[in-house]
Amino acid sequence: MAEATVNFLAVLAAIIVNMALGFLWYSKPMFGNDFIALLGWNVKKMNKPTSGEMAKSIGGGALATGIMAFVMSLFAEYIGANTWLFGMQLGFQLWLGFVATVLVGSVLWERKPWKLFFINSGYWFVALLIMGAIIGGWQ
């Protein structure tokens, strides 16, 4: 197998942009209220996370996003996705082939509402398009 070169600056940028998108996407002005309601959470009764718990969640999310961006960078290198548009096409294909198909299981097997699927899947759709554009544009 050919050895791939990873642009770690592009991976870092993809992590930062993805985390910022997540904070925005799941905030109250966008989909936060619907997301909370669809999960059946009651914000007034929820315990506020400690700063340590919040740091673990953010750190874990950044790590998971970093792994995704790293693997996406390898895929981009292997297929020659070296423009932002080709990177976005890769992001779309990864979303359609892996993310959307896995998330639909929450509707089929966990009986989660379709609206929750569209919120979560929509987030990953936008995130992977942006991550693909960043990674492809910097290949």
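Data block above holds the structure.
Residues numbered from 1 in each chain as written. Predicted model: local features only at pLDDT ≥ 70, side-chain atom pairs only at ≥ 80, totals over all residues. Heavy atoms only, no water.

## Examining a nonpolar patch on the surface
- The grouping of Phe-8, Leu-63, Ile-67, Phe-70, Val-71, Phe-75, Tyr-78 and Ile-79 at the surface amounts to a nonpolar patch, some 760 Å² of accessible area in total.
- Of the residues forming the nonpolar patch, the biggest block, seven residues, is contributed by helix 3 (residues 51-79).
- Looking at where Phe-70 falls in the secondary structure, it is placed in helix 3. (Patch = residues over 30% accessible without salt bridge, like charges linked within 9 Å, V, L, I, M, F, W, Y side chains within 5 Å. Areas by Shrake-Rupley, 256 points an atom, 1.4 Å probe, with all protein chains shown as cover. Salt bridge = Lys/Arg side-chain N within 4 Å of Asp/Glu carboxyl O. Helix = DSSP H or I, 4+ residues; strand = E, 2+ residues; numbered from the N terminus.)

## Topic: the packing of aromatic side chains
- Throughout the structure, instances matching the rule amount to 13 aromatic pairs.
- Both rings, one in Phe-8 and one in Phe-70, keep their centres 6.1 Å apart while their planes meet at 25 degrees; by these two values the pair is stacked. Taken together, the residues span a long stretch of sequence, with Phe-8 in helix 1 (residues 8-25) and Phe-70 in helix 3 at a distance of 62 residues. (Phe/Tyr/Trp six-rings, centres within 6.5 Å; stacked < 30°, edge-to-face > 60°.)

## What about helix 3?
- The end-to-end C-alpha distance of helix 3 is 41 Å, a good match for the 42 Å that 29 residues give at a rise of 1.5 Å each.
- In this structure, the buried side of helix 3 is in contact with helix 1, helix 4 (84-108) and helix 5 (114-137).
- Gly-80 occupies a position one or two residues after helix 3 and carries a positive phi of about 75 degrees. (Expected span 1.5 Å × (residues − 1). Contact = heavy atoms within 4.5 Å.)

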